[in-house]
Amino acid sequence: MEINYDPVGLAEIVQTDVPRLTEEQRLIFNRVCRSVDTALGEMLFLDAPGGTGKTFLTKVILAKVRGQGKIALAVASSGIAATLLPGGKLPIQCLKFRST
């Protein structure tokens, strides 16, 4: 289930890792948090070259949102990327696409 997370562990991740975000990561983190806090209902896509901290940033965002008791889906375009994210899944696994 997408709501069974340890709130203490999530708070620790946020407290420890938010200060470690780069300036650019912080801008993205704040943008996502603003979208969630104001219930804008946006779908946001993070794309960048390898080694730029996408996985780290995504883990921090997931911890922040899930720590608020909200549902955050970690959807990745490849199986390898999905395994790197807590609760990560492929689109077909969480969005119930039908293959024809």
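Here, the structure is the one placed above.
Everything numeric here is computed off the predicted structure, so don't read it as measured data. (Residues numbered from 1 in each chain as written. Predicted model: local features only at pLDDT ≥ 70, side-chain atom pairs only at ≥ 80, totals over all residues. Heavy atoms only, no water.)

Visitor: Would you mind showing me how to read the nonpolar core here?
Guide: Within the largest apolar cluster, 16 residues are counted, with the highest numbers of intra-cluster contacts made by Val 18, Leu 21, Phe 29, Leu 57, Val 60 and Ile 61. Only helix 1 (7–17), helix 2 (23–37) and helix 3 (54–67) provide two or more residues apiece to this core. In terms of residue count, the dominant contributor to this core is helix 3 (6 residues). (Core = buried A, V, L, I, M, F, W, Y, C linked by side-chain atoms within 4.5 Å. Buried < 20%, exposed > 50% of the residue type's maximum accessible area, 1.4 Å probe, protein only. Helix = DSSP H or I, 4+ residues; strand = E, 2+ residues; numbered from the N terminus.)

Visitor: How should helix 3 be read in this particular structure?
Guide: Each turn of an α-helix holds 3.6 residues, which means side chains three or four residues apart point in the same direction. Taking 1.5 Å per residue, 14 residues should reach 20 Å; helix 3 reaches 20 Å between its end C-alpha atoms and fits that length. Considering only its buried residues, helix 3 is in contact with helix 1 and helix 2. A positive backbone phi angle near 80° is found at Gly 69, which sits one or two residues after helix 3. (Expected span 1.5 Å × (residues − 1). Contact = heavy atoms within 4.5 Å.)

Visitor: Can you help me understand helix 2 in this one?
Guide: Spanning 15 residues, helix 2 covers 21 Å between terminal C-alpha atoms, matching the ideal 21 Å at 1.5 Å per step. Along helix 2, the residues classified as buried are Gln 25, Phe 29, Val 32, Cys 33 and Ser 35. End-on view of helix 2: buried residues confined to an arc of 160°, all on one side of the axis. Helix 2 presents Glu 23, Glu 24 and Leu 27 as exposed residues on the side facing more than 90 degrees away from its buried surface. Tucked into the core, helix 2 has its buried residues touching helix 3. One or two residues past the end of helix 2 sits Ala 39, with phi positive at roughly 50°. (Arc of directions from axis to C-beta.)

Visitor: Before we go on, may I ask you to explain the packing of helix 2 against helix 3 in this structure?
Guide: Each pair of packed helices can be summarised by the angle the axes make with each other and by the distance between the axes. At their nearest, the axes of helix 2 and helix 3 sit 10 Å apart, and the two run at 30° to each other. Judged by the angle between their axes, helix 2 and helix 3 are roughly parallel. With respect to the hand of their crossing, helix 2 and helix 3 are arranged in right-handed fashion. Across the interface between the two elements, Gln 25, Ile 28, Phe 29, Val 32, Cys 33 and Val 36 from helix 2 touch Phe 56, Leu 57, Val 60, Ile 61, Lys 64 and Val 65 from helix 3. Looking at side-chain class alone, the contact of helix 2 with helix 3 contains 10 nonpolar, 1 polar and 1 charged residues. (Axes fitted to C-alpha atoms, helices over the stretch in contact; angles between N-to-C directions. Parallel < 35°, antiparallel > 145°, perpendicular 65-115°, else oblique. Left-handed = near helix turned anticlockwise from the far one by under 90°. Nonpolar A, V, L, I, M, F, W, Y, C, P; charged D, E, K, R; others polar.)

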